[in-house]
Amino acid sequence: MPNEELSQEALQLVRFLRDLTRSRRARILDLGGYDESHWLADLPGEIDVRAEARAGDVLFSVPVIPLNPPAALEQFDGWLA
């Protein structure tokens with residue numbers, strides 16, 4: 001079997017498994033039973049929301065927040081390497 005045929009069969013299998021998984025999920029149509037709900041329109045401006053995203057696409061991304069470790073306190077000298 002040539003690679004092209006194998007690739008097509010693998011793609012068909014993945015799509016079938018995706019569709020099977022989707023069919024087993026319960027659709028949520030009412031948020032009234034949940035304590036909290038968050039709307040994409042209310043997210044802070046630095047969060048990139050992609051309204052044109054489709055199933056399987058990235059819907060939103062959050063920028064990386066650089067973290068600097070705190071300075072070691074003098075009382076821990078000798079304990080931290």
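A quick note: this is a predicted structure, and the numbers were derived from the prediction, not measured. (Residues numbered from 1 in each chain as written. Predicted model: local features only at pLDDT ≥ 70, side-chain atom pairs only at ≥ 80, totals over all residues. Heavy atoms only, no water.)

1. Overview of the pattern of salt bridges
When the charged atoms of two side chains with opposite charge come close together, those side chains can pair.
Thought 1: In total, this model carries two salt bridges according to the counting rule given.
Thought 2: Among the ionic pairs, R18 bridges to D19, the shortest N-O distance being 3.2 Å.
Thought 3: A relative accessible area of 39% places R18 in the partly exposed class.
Thought 4: Residue D19 is classed as partly exposed on the basis of its relative accessible area, which comes to 39%.
Thought 5: Here D48 makes a salt bridge to R50, at a shortest N to O gap of 3.2 Å.
Thought 6: Assessed through its relative accessible area of 27%, R50 is described here as partly exposed. (Salt bridge = Lys/Arg side-chain N within 4 Å of Asp/Glu carboxyl O. Buried < 20%, exposed > 50% of the residue type's maximum accessible area, 1.4 Å probe, protein only.)

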